[in-house]
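# Analysis of the macromolecular model
Chain by chain, the residues run as shown.
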Amino acid sequence: MSIKSVGGVAVQPKHKLSCHCGAVVLELSLPDGIVDPRRCNCSMCRRRGAIVASVPLDGIRVVQGEPDLRLYQFNTKVARHYFCGVCGIYTHHQRRSNPHQYGYNVGCLEGIDPFLLPHVPTNDGVNHPSDRAPTKAA
Ligand SMILES: [Zn+2]
């Protein structure tokens, strides 16, 4: 799923993302809009409650606030969860399920109202893809 505009507001090919206090500003490359937005029920996501979408690793540039970004890791310590050390808002994370992607907080996109997104599916993060028994080769 890829969304090019939300409530009449266009997603820019280079779209800014900011934390709540404004210390951290990222520039996202979103030529295809908001890709694969979803919620997740894992122990982390169910607490932070954010809608997360996907961007390749080279699709995020830290414009401002690099020193304010804090890293949180848990469990397998593969995923890298970043948040603003001043206001505590989650901005983005490097995925465990696909280390070549970042997930980012759709609610931090400038001018975009995440509540106007169409139906956002919930990912089954409790049963993480990396924890499931290998399925038959596809
Ligand atoms: Zn902040």
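Residue numbering note: each chain is counted from 1, following its sequence as written. Local features are withheld for residues below a pLDDT of 70 in this predicted model, meaning they are given only at 70 or higher, and side-chain atom pairs are given and counted only at 80 or more; totals for whole chains, interfaces and linings count all residues.

In this sheet, strand 6 (residues 34-40) lies alongside strand 1 (residues 2-3) in antiparallel orientation, the contact comprising 2 bridges. Pairing of Ile3 across the sheet is with Ile34, part of strand 6. Relative to strand 7 (residues 52-56), strand 6 runs antiparallel, the two being bridged by 2 bridges. Residue pairing in the sheet places Arg38 in a bridge with Val52 of strand 7. Paired strands, as defined in this entry, are two strands with at least two bridges between them according to DSSP. For helices the rule is a DSSP run of H or I covering at least 4 residues; for strands it is a run of E covering at least 2, with both sets numbered from the N terminus onward. Bridge count between strand 6 and strand 13 (residues 122-123): 2 bridges; the pairing is parallel. Opposite Arg39, over in strand 13, you have Thr122 as the bridge partner.

With that out of the way, let us pick up unusual backbone geometry. Here the phi dihedral of Asp36 falls at roughly 60°; this positive angle occurs in a residue that is not glycine. Along the chain, Asp36 turns up in strand 6. At Lys77, a residue that is not glycine, the phi angle is positive and equals roughly 60°. Residue Lys77 is classed as exposed on the basis of its C-beta count, with 8 C-beta atoms lying within 10 Å. Our exposure labels follow a C-beta count within 10 Å of each residue's own C-beta, placed from the backbone: buried means 20 or more other C-beta atoms, exposed means 12 or fewer, and partly exposed covers the counts in between.

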